[in-house]
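Per-entry structural report
As a plain string of letters, each chain reads:
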Amino acid sequence: MAKELIKGNVAMAEAAIRAGLEAYFGYPITPQTEVLEHLARRMPELGRAFVQAESEVAAINMVYGAACTGVRVMTSSSSPGVSLMQEGLSYIAGTEVPAVIINVMRGGPGLGNIAPAQSDYYQSVHGGGHGDYHPIVLAPASVQESIDLTVLSFELAEKYRNLAFVLSDGSVGQMMEPAELPPMQPIVKKNYDWAIGGKGTREKRILTSININPHDEEIANLRMLQTWFEIKKNEVRYKEYYLDDAEFLVIGFGTSGRVALSAVRKCREKGIKVGLLRPITVRPFPDEVIIELAERVQGILVVEMNQGQMLDDVMIAVGKKVPIEFYGRPGGVIPFPEDVESEIERMVSAKLEIVNNPRVAWLDRMLHR
Amino acid sequence: MAKELIKGNVAMAEAAIRAGLEAYFGYPITPQTEVLEHLARRMPELGRAFVQAESEVAAINMVYGAACTGVRVMTSSSSPGVSLMQEGLSYIAGTEVPAVIINVMRGGPGLGNIAPAQSDYYQSVHGGGHGDYHPIVLAPASVQESIDLTVLSFELAEKYRNLAFVLSDGSVGQMMEPAELPPMQPIVKKNYDWAIGGKGTREKRILTSININPHDEEIANLRMLQTWFEIKKNEVRYKEYYLDDAEFLVIGFGTSGRVALSAVRKCREKGIKVGLLRPITVRPFPDEVIIELAERVQGILVVEMNQGQMLDDVMIAVGKKVPIEFYGRPGGVIPFPEDVESEIERMVSAKLEIVNNPRVAWLDRMLHR
Amino acid sequence: MHKEIMIAGYGGQGVLFAGQILAYTAMDIKMQVTWIPSYGPEMRGGTANCTVVISDQEIGSPQVAEPPIAILLNLPSYDKYEPLIKVGGVAVVNASMVDRGAIRTDIRTIFVEASRIAEEIGDTKLMNMVAVGALLAVLPELDIKEVKNALRLHLPSRHHALLPSNYLALERGFDAAVSQGHG
Amino acid sequence: MHKEIMIAGYGGQGVLFAGQILAYTAMDIKMQVTWIPSYGPEMRGGTANCTVVISDQEIGSPQVAEPPIAILLNLPSYDKYEPLIKVGGVAVVNASMVDRGAIRTDIRTIFVEASRIAEEIGDTKLMNMVAVGALLAVLPELDIKEVKNALRLHLPSRHHALLPSNYLALERGFDAAVSQGHG
Amino acid sequence: MVTIIKPENIVYSRSHAFTETSTSYCPGCTHGTAHRLIAETLEEMNLVDKTIGVAPVGCSVFAYNYFDTDFVEAAHGRAPAMATGIKRVLPDKCVFTYQGDGDLASIGMAEIMHAAVRGENISVIFLNNAIYGMTGGQMAPTSLPGQKTTSSPLGRDVELQGFPLRMSEMIAKMDGAGYVVRRSLHDPANIRKAKKAIRTAFETQMHGLGFSMVELLSTCPTNWGMNPVDSCKWVEDQMLPVYPLGDFKVSESVSELRF
Amino acid sequence: MVTIIKPENIVYSRSHAFTETSTSYCPGCTHGTAHRLIAETLEEMNLVDKTIGVAPVGCSVFAYNYFDTDFVEAAHGRAPAMATGIKRVLPDKCVFTYQGDGDLASIGMAEIMHAAVRGENISVIFLNNAIYGMTGGQMAPTSLPGQKTTSSPLGRDVELQGFPLRMSEMIAKMDGAGYVVRRSLHDPANIRKAKKAIRTAFETQMHGLGFSMVELLSTCPTNWGMNPVDSCKWVEDQMLPVYPLGDFKVSESVSELRF
Amino acid sequence: MAAIGWIEVSDVYCKGCELCVTACPQAVISLDMERLTHKGFHPAKIVKEGCTGCAICAVVCPDSAITVYREIIKAS
Amino acid sequence: MAAIGWIEVSDVYCKGCELCVTACPQAVISLDMERLTHKGFHPAKIVKEGCTGCAICAVVCPDSAITVYREIIKAS
Ligand SMILES: Cc1ncc(C[n+]2csc(CCOP(=O)(O)OP(=O)(O)O)c2C)c(N)n1
Ligand SMILES: Cc1ncc(C[n+]2csc(CCOP(=O)(O)OP(=O)(O)O)c2C)c(N)n1
Ligand code: SF4
Ligand code: SF4
Ligand code: SF4
Ligand code: SF4
Ligand code: SF4
Ligand code: SF4
Ligand SMILES: [Mg+2]
Ligand SMILES: [Mg+2]
């Protein structure tokens, strides 16, 4: 297929269709609405299910229902809408049925604004819903990745009977870039041995998230964690840039990783030996490669569009082995490459120390800009 | 006041009343319902506001409304219900109005069961709602603490215009213990300079979580983080047991911390030099004392009723300086002191290593019990 | 001192109150105490149980894996909990609702015709107090006088007319146990 | 090569499309390109802007703090963005809707009577293409032929009747800039 | 007598649409009666193999154990949304929700209203017992004025706690609703009528005639603090005046159904 | 002419219940008209000092900037819950919500219904413009059959996308509702009637007579793709038949109000 | 032509709620106070002659515990 | 007795929506195509004599942009 100039949101929607999306349930919210609008047109014309739900609460529970039948199903929203889905998400996770959720993040907390942000990292990655569960979370940094990761999210969700998030943001969602859509996949009727759909001639099936006996629930919990470790073993994905000889490491996902790349390039041009790690799967988190890199760099700069959320996962991975610096732009602000560039330069020239909380110095710098 | 034998849930409800609770909005859910039921009787007889809301979504938004007027207001729920509140919680945080939320945690994910659990730690402590925000989270381990921390939660919420959670569980909530209730505080009409209530002769006021301009939202975010660091400086609370000469450290909060205490005692009786740290404020997390303790112990055992959530905060604090072991009972199971005791003995006698993820070995042990 | 007592039976047999009265007694004599019920999603007359822990130091866990002491008021409870009792422990069993003997030989089992005795006193509802009385025979830490005291102090005054029969039930249970050589 | 172009004006002035046509052109000549609009909560005819980044390597940020190149189609946009343009940059300004001269002296400003020229061609909507044409005079990386090509390839075929006038608009804008000594 | 115990003489026996599991309902609770009517209807209509039930959160949370059909368990109040998700991808199957009054009329208000207004082609069996059974007897939106519950200990005060919600009447107002009726389970005659209504609801669905709902007045002996027989009487004396039985919406096409 | 420009000759001027901020609404959008009626009513009733407004999420999200009263900003759909929280602790104040049709009838369905059934003593101004304005023109539950929106690009198909929701008719069914009417903002006569209704709603509240709601048919020139004048015509021609104006509930005590 | 009937009550399902007892038009059902089911309920049973097999008991039984038999006796 | 009227349109609020133009029973209002407000709208203004001060324009103006004056002229 040839490349087209396509908007991130539309790209995810069309990619989902081509990956065999059979049902979509969603509710409008900026900056995600194009996903819903594209599917409002395309799904009915393909004879597939589309419902503009009455709310995000309803949407996620429609997803839950459809997911129980074993079809490829998805919803999309943006931050406040995803907060409303937390109960439903926990139910889906507890029932172990596959579903894809797109979150095109915006500035928060509260109503905040509609600008791009990354402050739902914790919510998505460590569970905004109750109970222990472990969603797969994929973070695209470009329109092409939005496409590829949407397709992948369906595959992973199904393979592991798990939630898969595409954790995008207003920038990637609203941006147009040349990108190539995958060919249309035929919809294959899968006969999952767990899906419901009328018992026909087989035994009846039940899908539920209840284990009224705590010991059964514990066993279910442990089984799900086992699956999670399997996912962690197989599915970690990330991108490396200029890491071979890097003395300093920048880590950023999605848009901030992308912005950081420009900065890293500029620094390389200036001869600074800095490299970039951009996690694609923010969950499973690429901690092993970070642990490895921490052995050989002198400092790590974590760049995020929030107050330091992935930062914690980096800190867990690294331990207090290498100084970790933080640069974050919360509330809907996108850092410009120049900003990150000067942060890198600061890191390279400063006498770095291993501190307990890199946010403290960062806040101080931000307040005294 | 004399001690009475009182149930954890009822104790929190009555303590809230005595602390000057002026409005309660909630929805029934086991194992929390006694809070609502107690207040259903008491609030109207005191001429205070009580509404059984149509849902947890409505309840938290009623709380939001009342909080904007500057009164002491509270809701209570259990895990699935708290998931439904995530959007509202993020709004309250973003508007910087004080509110108290009681979560009597139960087994999850999904509908799970109604047994005691601690698997909403991440949700409460690191934000299950969208956007960056930083609630205060207090974890009682006894009925007396349920009382004391409920009272404290109102004070802290108001002092910092923040969310304050009392993070209890089905065990503490359902348990009766002798405890002393505080005297009835008179309700004081506060004239906060931010509260709404009809402008009267002053300038109009607006309470909102919107900052449509990302740069304003960033400033608001940074200001809230600054407040948070203030909270962190002033309000860390924890309990220490047998730490003076401890060679091994157990860390557990709430019920699991309490159970661990029995185990630690038994081990002390056997001559094992083990001590316990029980965080009272799980947020702000007592990381400084842990960092300090990590300097002098040979191993740390984190005990939780989940798959390892606070564990991450311990790992961040410790930073791979000391081996960390994990013992968790997810899904509604309460560990018995004997279980923890044998975990301590295992830790003490094993050749401990610093590992990247203590959950791996733990899961292995659990699966091969 | 550290005593862990489980009480189990049908809902409606006064299981929870029996536990509470032990807890009140312990509280009044300035012991540490916890009481915790099983609470089920089915509030519908299934089995009920509660656990009381009495101790002279801070109580770690209100729940107990293997209770050393149990009051078992009906057959399903006896079937379910007999195997769990700690070796060397003691079970007080309502013989009126149990039609079998003890299986465990490594615990002491006190069979008391609690329901029958309660009926004799004139109120089958006092069965729980008969069983508690029997337990007191082997639980010297809680004096029967203190338990009566606790009843008087903590039973809502509108029920005070029932105090004498409650006292009697305690005594009859106590005597029944003693007469079997327990205590 | 790395060009960052901001286009701003009223909603309805074809701001977004002008940016897209530059993006299409870049894509067709196998450059890397991003286009991103400002999207507001108020979808109601306020100002609109978009940013196009064209580069020969992976583009880091689709957003630009200080655009080196800007097309500013009305006075509010000119007022707002003139101060932000990078030193040494260039601004194409729709002189028909701006009644003041340049303040900045450290950038090159090209005033084009884009609205008037579009009117002359017979369709005021072509104003955006006139401005784009003017920009092309100072953006040799994008050949006007390629832009025309892109129009032909990416304008939905139901609008193809409008191609000639679009071409003309581009040319007239280009010429206007050149005639002022730019390019 | 015993001579008549032979298969050919059976005039009534337990429905084959049930599993063998006995329910966890309290003695005399008419949740069981409602289940029986559903089971019999599914069996009669030959729908057991193609039905997917959606269980609520409430005393009937374990409904999935009792019916011999595929079943899912919804989040509290969200059964209509979950059913929508299922029905949209399996339009030929029979999809029904079974919901209590707290579930449907309180927390699930938005979902039931919107399923109805969308004309979602599902059937809803709505058990109105004027109380939250499962959580131990709190006030429901359907509790009667003055009714004492654990969260209205002095009796529901309509000024502070609102008025009983008549869901059937409201839902009937919606164009998407094909069949909306209220029946009661308190005596044999009413139980028979309830069964007829359940049949009509499922027929409505299987003929694609839109949203169908049968509201069933039901007892909660445990939380009402009455024996089962008195509970039935309470339905008759106290609930019927507030919740009149009747057909609130029978669309033309539904009224033409013959079965 | 200019000689008549003197204060004593003013027969109409901008309400003092407004701030000086000009609205962000599109030209000709009748959200502004509704605001004006509210402002004038608050001023006339002397309520400016004791009113708390609750703004929704929708085009009117910034309503708090326009009125010179205390204001809070609710989460999408939850304004009635937030208003409940405020009113319960400040029962003597005037608390009103201002909500769009997506806000009130879609995501906020449960909250509005329950505020009404509780007889919550608040006033709700409900702007029905048959579309999601703020997010750029998606279908609302109130969109008309066949109406083209960005999420019903071929026109609302009632079979798949449901039927228009008539909120006033439904809410009027509830015992807690004191005053529920529908008015329109498409011409001067109707605007005058709308104002009267808003006045009655606030009077209902201030007299403690229960829940009051005024549904206002409103335009969205931008997302309907029409100029303001045609939009008013569209309200008249297309919306009125689906949303008849009228008084759906005027409780006895409200009908006796004199002001 | 008369009908004679009989009912069988399943111990597995019967919860002794007495709804059938009250509903039986012939008043031939009572709870069996001699027996407890394994769940601990006194089950219903026919205690008198006169059952007509009308199945009203089964219609009210919430636990589907009753099987009803009926034989039409031709008037001789 | 006749009334003469006048309106003043605020540049700050008027958005040139033309609702007043259509609504004025005397048809005396038009948009001023010569002028743009600072927000870029052509504001409304009285363009003819005949305003009666009926205030209908103000009633329909969504932006509260119009102030209406009226003077009663006693029939001489
Ligand atoms: C989100 C959430 N909130 C609350 C609960 C607790 N809860 C379980 S069932 C129930 C109410 C049940 O009442 P109803 O729907 O009337 O069913 P019934 O038990 O009376 O049949 C509640 C509040 C829950 N499980 N989930
Ligand atoms: C939880 C949540 N979901 C979705 C949105 C996005 N959103 C903002 S306004 C709106 C709809 C507005 O429509 P309506 O209520 O009809 O108001 P109008 O703009 O038409 O006046 C939506 C869906 C949001 N802000 N929050
Ligand atoms: S609690 Fe009530 S509704 Fe629930 S099973 Fe028992 S009687 Fe039925
Ligand atoms: S988008 Fe529609 S509703 Fe919103 S302000 Fe513009 S015209 Fe009004
Ligand atoms: S079949 Fe009829 S007569 Fe026989 S026991 Fe049942 S109700 Fe009575
Ligand atoms: S109605 Fe059914 S459950 Fe109740 S007593 Fe009769 S047979 Fe038993
Ligand atoms: S006051 Fe009346 S006559 Fe005068 S301009 Fe306005 S509408 Fe026209
Ligand atoms: S109605 Fe108001 S805003 Fe519209 S043109 Fe007239 S004065 Fe201007
Ligand atoms: Mg109920
Ligand atoms: Mg609208």
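Cut-offs and rules
- Residues numbered from 1 in each chain as written.
- Chains lettered and ligands numbered in written order.
- Predicted model: local features only at pLDDT ≥ 70, side-chain atom pairs only at ≥ 80, totals over all residues.
- Heavy atoms only, no water.
- Disulfide = S-S within 2.5 Å.
- Buried < 20%, exposed > 50% of the residue type's maximum accessible area, 1.4 Å probe, protein only.
- Donors = N, O, S within 2.8 Å, 3.2 Å for Na, K, Ca; no water.
- Contact = heavy atoms within 4.5 Å.
- Buried area = accessible area lost by both parts, 1.4 Å probe.
- Salt bridge = Lys/Arg side-chain N within 4 Å of Asp/Glu carboxyl O.
- Pairing = 2+ DSSP bridges.
- Helix = DSSP H or I, 4+ residues; strand = E, 2+ residues; numbered from the N terminus.
- Axes fitted to C-alpha atoms, helices over the stretch in contact; angles between N-to-C directions.
- Near = heavy atom within 4 Å.
- Nonpolar A, V, L, I, M, F, W, Y, C, P; charged D, E, K, R; others polar.
- Polar contact = N/O pair within 3.5 Å; in protein donor to acceptor, adjacent residues only side chain to side chain.
- Least-squares fit on C-alpha atoms with pLDDT ≥ 70 in both.
- Parallel < 35°, antiparallel > 145°, perpendicular 65-115°, else oblique.
- Left-handed = near helix turned anticlockwise from the far one by under 90°.
- Expected span 1.5 Å × (residues − 1).
- Phe/Tyr/Trp six-rings, centres within 6.5 Å; stacked < 30°, edge-to-face > 60°.
- Lys NZ or Arg CZ within 6 Å of the ring centre and 35° of its normal.

**What about the state of the cysteines?**
Applying the stated criterion across every chain, the model contains zero disulfides over all chains. C232(E) carries a free sulfur, and the closest cysteine sulfur to it, the one in C17(G), is 8.4 Å from it. For C232(E), a relative accessible area of 9% gives the class buried.

**A short note on the coordination of the magnesium ion (ligand 9)**
Residue and element names in this part refer to chain E. Looking at the metal site, the magnesium ion (ligand 9) is ligated by D101 (OD), N129 (OD1) and I131 (O), spaced 2.0 to 2.1 Å from it. In terms of primary sequence, the donors binding the magnesium ion (ligand 9) are separated according to D-x27-N-x1-I. Residue classification places N129 among the buried residues on the basis of a relative accessible area of 5%.

**A closer look at the interface of chain E and chain G**
Between chain E and chain G, the contact holds 31 residues from the first and 30 residues from the second. Counting the surface lost from both chain E and chain G, the interface buries some 2,600 Å², and carbon and sulfur atoms represent 64% of this. Viewed at the interface, chain G and chain E are joined by one salt bridge. In this structure, E71(G) and K6(E) form a salt bridge, with 3.7 Å as the shortest nitrogen-oxygen distance.

**Some details on the sheet that holds strand 2 (residues 23–26) of chain B**
Residues and elements named next belong to chain B. Strand order in the open sheet formed by seven strands is 3-2-4-5-7-6-13, and the pairing between neighbours is mixed. The open sheet has two edge strands with one neighbour each: strand 3 (49–52) and strand 13 (281–283). Strand-to-strand, the axes of this sheet are offset by a mean angle of 20 degrees, without reference to chain direction. The sheet contact formed by strand 2 and strand 3 spans four bridges and is parallel. Note on strand 3: the bridge partner recorded for F25 is V51. Sitting on the sheet, helix 3 (residues 56–68) is in contact with strand 2, strand 3, strand 4 (73–77) and strand 5 (99–105), with an inclination near 165 degrees to strand 4.

**Describing the site of ligand 6**
Within the structure, ligand 6 sits among V9(G), C14(G), K15(G), G16(G), C17(G), E18(G), C20(G), A44(G), C61(G), P62(G) and I66(G). Considering only residue class, the shell around ligand 6 consists of eight nonpolar, one polar and two charged.

**Examining the interface of chain A and chain B**
On the chain B side, the residues contacting the 70 residues of chain A number 71 residues. In total, chain A and chain B occlude about 6,000 Å² of area from one another, counting both sides; carbon and sulfur atoms represent 62% of this. Our count for the contact surface shared by chain A and chain B stands at four salt bridges. Among the salt bridges present, the one from E218(B) reaches R329(A), with a minimum N-O distance of 2.5 Å. Where chain A touches chain B, the interface holds 37 residue pairs in polar contact (both at pLDDT 80 or more). Going through the elements one at a time, helix 4 (79–84), helix 5 (86–95), helix 6 (121–125), helix 9 (214–235), helix 12 (310–318) and helix 14 (358–367) of chain A are the ones with two or more residues in the side of chain A that touches chain B. Per-element accounting of the side of chain A that touches chain B gives the leading share, 10 residues, to helix 9 of chain A. A breakdown of the residues in the side of chain A that touches chain B according to their chemical character gives 27 nonpolar, 33 polar and 10 charged.

**Thoughts on the coordination of the magnesium ion (ligand 10)**
Residues and elements named next belong to chain F. Bound to the magnesium ion (ligand 10) on the protein side are D101 (OD), N129 (OD1) and I131 (O), at distances that span 2.0 to 2.1 Å. Counting gaps between the donor residues of the magnesium ion (ligand 10) yields the pattern D-x27-N-x1-I. You'll find N129 and I131 in the same group, each marked buried.

**A word on the sheet that holds strand 11 (residues 248–251) of chain B**
Residue and element names in this part refer to chain B. In spatial order, the strands read 10-12-11-14-15; together these five strands make up an open sheet with mixed pairing. The two strands at the open ends of the sheet, each matched to only one other strand, are strand 10 (238–241) and strand 15 (324–328). Ignoring strand direction, the axes of neighbouring strands in this sheet form an average angle of 20 degrees. Here four bridges tie strand 10 to strand 12 (residues 274–279), and the two strands are oriented antiparallel to one another.

**Some words on the relation of the copies chain A and chain B**
Overlay of chain A on chain B (RMSD 0.0 Å): rotation 180 degrees, translation along the axis 0.0 Å. In short, the pair behaves as if placed about a two-fold rotation axis. Most of the interface of chain A is mirrored in chain B, where 100% of its interface residues are also at the interface.

**Examining the arrangement of the chains**
With 16 pairs of chains in contact overall, the greatest share of contacts is found between chains A and B. A gap remains between chain C and chain D, with no contact made and the closest C-alpha atoms lying 46 Å from each other.

**Things to note about the site of ligand 8**
By nearness alone, every residue bordering ligand 8 is listed as V9(H), C14(H), K15(H), G16(H), C17(H), E18(H), C20(H), A44(H), C61(H), P62(H) and I66(H). Its residues placed into classes, the shell around ligand 8 shows eight nonpolar, one polar and two charged.

**A word on the packing of helix 1 (residues 8–18) of chain A against helix 2 (residues 33–45) of chain A**
Residues and elements named next belong to chain A. The contact between helix 1 and helix 2 brings their axes to 8 Å, and the two run at 40 degrees. In terms of orientation, helix 1 and helix 2 fall into the oblique class. Crossing angle aside, the handedness with which helix 1 passes helix 2 is right-handed. Between helix 1 and helix 2, the contacting residues are N9, V10, M12, A13, E14 and I17 on the first element and E34, V35, H38, L39, R42 and M43 on the second. Class assignment for the residues of the contact of helix 1 with helix 2 results in seven nonpolar, two polar and three charged.

**A look at the packing of helix 9 of chain A against helix 14 (residues 358–367) of chain B**
The N-to-C vectors of helix 9 of chain A and helix 14 of chain B enclose an angle of 135 degrees; their axes lie 11 Å apart at closest approach. With respect to helix 14 of chain B, the element helix 9 of chain A is oriented oblique. When the axes of helix 9 of chain A and helix 14 of chain B are compared, the crossing they make is left-handed. For the pair helix 9 of chain A and helix 14 of chain B, contact is made by E218(A), L222(A), L225(A), Q226(A) and F229(A) and by R359(B), V360(B), W362(B), L363(B), M366(B) and L367(B), respectively.

**Section: helix 1 (residues 31–44) of chain E**
All names here are of chain E. Look at helix 1: 20 Å from first C-alpha to last across 14 residues, which is about the 20 Å you get at 1.5 Å a residue. For helix 1, the tally of buried residues reaches 12 of 14 residues, placing the bulk of the element in the interior. Looking only at helix 1, the buried set comprises H31, G32, T33, A34, H35, R36, L37, I38, A39, E40, T41 and L42. Where helix 1 terminates, the next one or two residues include N46, which has phi positive at roughly 60 degrees.

**Quick word on the pattern of salt bridges**
Residues and elements named next belong to chain C. Counted according to the given criterion, the structure contains 104 salt bridges over all chains. Across the pair R116 and E120 runs a salt bridge, and its minimum N-O distance is 2.1 Å. Here E120 and R116 lie together in helix 3 (residues 114–121), a separation of four residues that amounts to about one turn. For R116, a relative accessible area of 40% gives the class partly exposed. Owing to a relative accessible area of 44%, E120 belongs among the partly exposed residues under this scheme.

**Digging into helix 6 (residues 163–179) of chain C**
Residue and element names in this part refer to chain C. Counted at 1.5 Å a residue, the expected span for helix 6 with its 17 residues is 24 Å, and the 24 Å between its end C-alpha atoms agrees. Residues of helix 6 that are buried make contact with strand 6 (108–112), helix 3, helix 4 (127–136) and helix 5 (144–154). Positive backbone phi, at 95 degrees, marks G181, one or two positions downstream of helix 6.

**Examining the pairing of strand 8 (residues 176–179) of chain A**
Residue and element names in this part refer to chain A. Residues M176 and P178 line one face of strand 8 and the alternating positions E177 and A179 line the opposite face, and both faces are buried. Taken together, the four bridges between strand 1 (residues 4–7) and strand 8 define a ladder with antiparallel strand orientation. For I6, the partnering residue across the bridge sits in strand 8 and is E177.

**Things to note about the packing of aromatic side chains**
All told, the structure shown has 33 aromatic pairs over all chains when counted by the stated rule. Their ring planes at 65 degrees and their centres at 5.7 Å tell us that Y27(A) and Y132(F) sit as a pair that is edge-to-face. Taken together, the residues span two chains, with Y27(A) in the loop between strand 2 (23–26) and helix 2 and Y132(F) in the loop between strand 5 (123–128) and helix 6 (158–161). Across the pair, exposure class does not vary: Y27(A) and Y132(F) are buried alike. On the numbers, 5.9 Å between centres and 90 degrees between planes, the contact of F62(F) with Y64(F) is edge-to-face. Linked through ring pairs, Y121(A), Y122(A), F253(A), Y121(B), Y122(B) and F253(B) together constitute an aromatic cluster. One cation-aromatic arrangement involves R14(E) over Y13(G); the distance from NZ or CZ to the ring centre is 3.6 Å.

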